[in-house]
Amino acid sequence: MSAGSVSDSQSLLDRGRKALMANYRPAPIVLERGEGAVVHDREGRRYLDMVAGVAVSSLGHNHPRLREALQERIGKVLHTSNLYYNEPAIRLAGRLVELTSADRVFFCQSGAEAIEAALKLARRYQHDQGNGRSGFVTALQSFHGRTFGAITATGQEKYHQGFEPLVPGFRYVPYGDLEALGQTVDETTAAVMLEPIQGEGGVLVPPPGYLQAVRELCDQRGALLILDEVQTGIGRTGRFLAAEHEGVVADITTLAKGMAGGLPLGAMLAREQVAQALVPGTHASTFGGNPVCCALGLAVVETVTAPGFMDRVVEQGERIAVRLQRWCERFPVCVEGRGRGLLRGVELSAELPGFVDRAREQGVLSNVIGGRVIRLAPPLTITEAELDEGLDGLERAIEACLAG
Ligand SMILES: *Cc1c(COP(=O)(O)O)cnc(C)c1O
């Protein structure tokens, strides 16, 4: 395959800057193809992918299982709607139910849509109980998506700015603070919603025992517990759901990002008693349960739950943790490495201007949250050699930033 010319790419970028909404600040490269944890741009430049499209390309690029699943769908129906069943959706829902404590699955396309479904289900369930519970308690520094319900649930001012009025009924508590939660959850609370690890908030892992205590508090007070596993689910942290690390079972769980390895697929899972509230007519999604997306979802779920796969995620995660620790000892700007499995972050004491650009110059795709946390979420399939290459490149980028 011949690489595109530089002037072609330049004119493409110029057209993109004009025609696409300016709500993003994309790097000036046009990605074209990939293999494993490596991607290439149109001009044939090679990058080690330490972001995986923000925890989405869970099996890396061009994984044989995903190619097979895609090929298997060619020549069949691309869409069935929810007026009819399709086999991949049934099979994937069945696997999700087997692999978790949930009993039923609702499919959609994105994380925000899964969050909307979860909020609606929680309210509707409490409404049907006739108990007047309609409020939600979520965490400060959380991130749940960009729809009105999801930005309201998101406990960060910057996502609300200029979009008011927000959805009524939300209250926020500091993440990891059990006392604050105890003072806030009351007889009006429909559900508490939390991420098991705050992803966009800066890869924040709650104190041990926190989620377990939240579960107990919800049970005592009669509130549902929604865990947003859009970023942490499907093996990202070394368990199928991150909640498993703490032995916590949610009433409602949301999934998306890595579930279909790159195609848009979200899901909301719930236990039977709660799920019963979504009777026909209460909620829907035209594209929900798309057979192509679900076929890829099935391939991802089978791959990550194969024997040994998640042990490797844990090992590779430890490999990153060791390196982050070394950075913290070597570079005063690196103050703390944290995370679980292959969702990792290193907190910076000050912004490293140009870090992402410097990393790209070193051949590594990286991500910085709010200027202060370098987030690592490579493909779950990344090899040791690839991981070392990525970490070496990031280290050179830090050095380059510090050298000015
Ligand atoms: C990314 C993310 C979302 C939103 O997902 P979209 O697919 O962008 O709508 C929701 N919750 C968490 C925890 C996320 O990381």
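Computed from a predicted structure; not experimentally measured.

Draft legend 1. Highlighting the environment of T237. Note that T237 resides in the loop between β8 (224-228) and β9 (252-255). Judged by its relative accessible area of 1%, T237 is buried. Each C-alpha atom, one on T237 and one on K120, is 27 Å from the other, the two residues being 117 residues apart in sequence. Setting aside its immediate chain neighbours within four residues, T237 contacts I197, T232, A242, H245, V313, R340, G341 and L342. Side-chain polar atoms of T237 contact the side chain of H245, separated by 2.9 Å.

Draft legend 2. Quick peek at unusual backbone geometry. The omega angle of the peptide bond from E164 to P165 is 0°, so this bond is cis rather than trans. Phi angles above zero are rare outside glycine, and N62 is one such case at about 60°. When you line up the elements, N62 lands in the loop between α2 (52-55) and α3 (64-73). With relative accessibility at 35%, the residue N62 sits in the partly exposed group. One non-glycine residue, Q141, lies in the positive phi region at around 70°. With respect to the secondary-structure elements, Q141 resides in the loop between β5 (135-139) and α6 (148-153). Overall, the relative accessible area of 39% leaves Q141 in the partly exposed class.

Draft legend 3. Molecular detail of the pattern of salt bridges. Across all of its chains, the model carries 26 salt bridges by this definition. Of the charged contacts in the structure, one is a salt bridge between R124 and D128, with a shortest N-O distance of 3.8 Å. Of this pair, R124 and D128 both sit in helix α5 (residues 111-129), four residues apart, which is roughly one turn of that helix. Salt bridges linked by common partners bring R323, R330, D392, E395 and E399 together as one network.

Draft legend 4. Seen up close, the site of the ligand. Within the structure, the ligand sits among S110, G111, A112, F143, H144, G145, E195, D228, V230, Q231 and K257. Between G111 and the ligand, the recorded distance is 2.8 Å, taken from a backbone N or O atom to an oxygen atom. Backbone polar atom of F143 to a nitrogen atom of the ligand: 3.4 Å apart, as the coordinates give it. The fraction of the free accessible surface of the ligand (390 Å²) that becomes covered by protein chains is 81%. Of the residues assigned to the shell around the ligand, the class counts are three nonpolar, five polar and three charged.

Draft legend 5. Up close: the sheet that holds strand β7 (residues 189-194). Read across the sheet, seven strands follow the order β4-β10-β9-β8-β7-β5-β6 without closing on themselves; strand pairing throughout is mixed. The open sheet has two free edges, formed respectively by β4 (104-108) and β6 (170-173), since each of these has just one partner strand. Averaged over all adjacent pairs, the angle separating strand axes in this sheet is 20°, with direction ignored. Here four bridges tie β9 to strand β10 (residues 266-270), and the two strands are oriented antiparallel to one another. Across the sheet, the residue bridging to T253 is L269, located in β10.

Draft legend 6. Expanded view of the packing of α3 against helix α10 (residues 291-304). Look at α3 against α10: their axes get within 9 Å of each other, and the N-to-C directions meet at 150°. Regarding the angle of α3 to α10, the classification is roughly antiparallel. Crossing handedness for the pair α3 and α10: right-handed. Of α10, the residues touching α3 (which contributes R65, L66, A69, L70 and R73) are P291, V292, A295, L296, A299, V300, E302 and T303. Among the residues making up the contact of α3 with α10, the classes are represented as nine nonpolar, one polar and three charged.

Draft legend 7. Local environment of the packing of aromatic side chains. With the rule as written, the count across this model stands at three aromatic pairs. Summarising the aromatic geometry, the rings of Y175 and Y210 are spaced 5.8 Å apart at their centres and angled 70° between planes, so their arrangement reads as edge-to-face. Highlighted residues: Y175 in the loop between β6 and α7 (178-184) and Y210 in helix α8 (residues 210-221), separated in sequence by 35 residues. Assigned by exposure class, Y175 and Y210 land together as buried.

Scoring rules and cut-offs
- Residues numbered from 1 in each chain as written.
- Predicted model: local features only at pLDDT ≥ 70, side-chain atom pairs only at ≥ 80, totals over all residues.
- Heavy atoms only, no water.
- Helix = DSSP H or I, 4+ residues; strand = E, 2+ residues; numbered from the N terminus.
- Buried < 20%, exposed > 50% of the residue type's maximum accessible area, 1.4 Å probe, protein only.
- Contact = heavy atoms within 4.5 Å.
- Polar contact = N/O pair within 3.5 Å; in protein donor to acceptor, adjacent residues only side chain to side chain.
- Salt bridge = Lys/Arg side-chain N within 4 Å of Asp/Glu carboxyl O.
- Near = heavy atom within 4 Å.
- Areas by Shrake-Rupley, 256 points an atom, 1.4 Å probe, with all protein chains shown as cover.
- Nonpolar A, V, L, I, M, F, W, Y, C, P; charged D, E, K, R; others polar.
- Pairing = 2+ DSSP bridges.
- Axes fitted to C-alpha atoms, helices over the stretch in contact; angles between N-to-C directions.
- Parallel < 35°, antiparallel > 145°, perpendicular 65-115°, else oblique.
- Left-handed = near helix turned anticlockwise from the far one by under 90°.
- Phe/Tyr/Trp six-rings, centres within 6.5 Å; stacked < 30°, edge-to-face > 60°.

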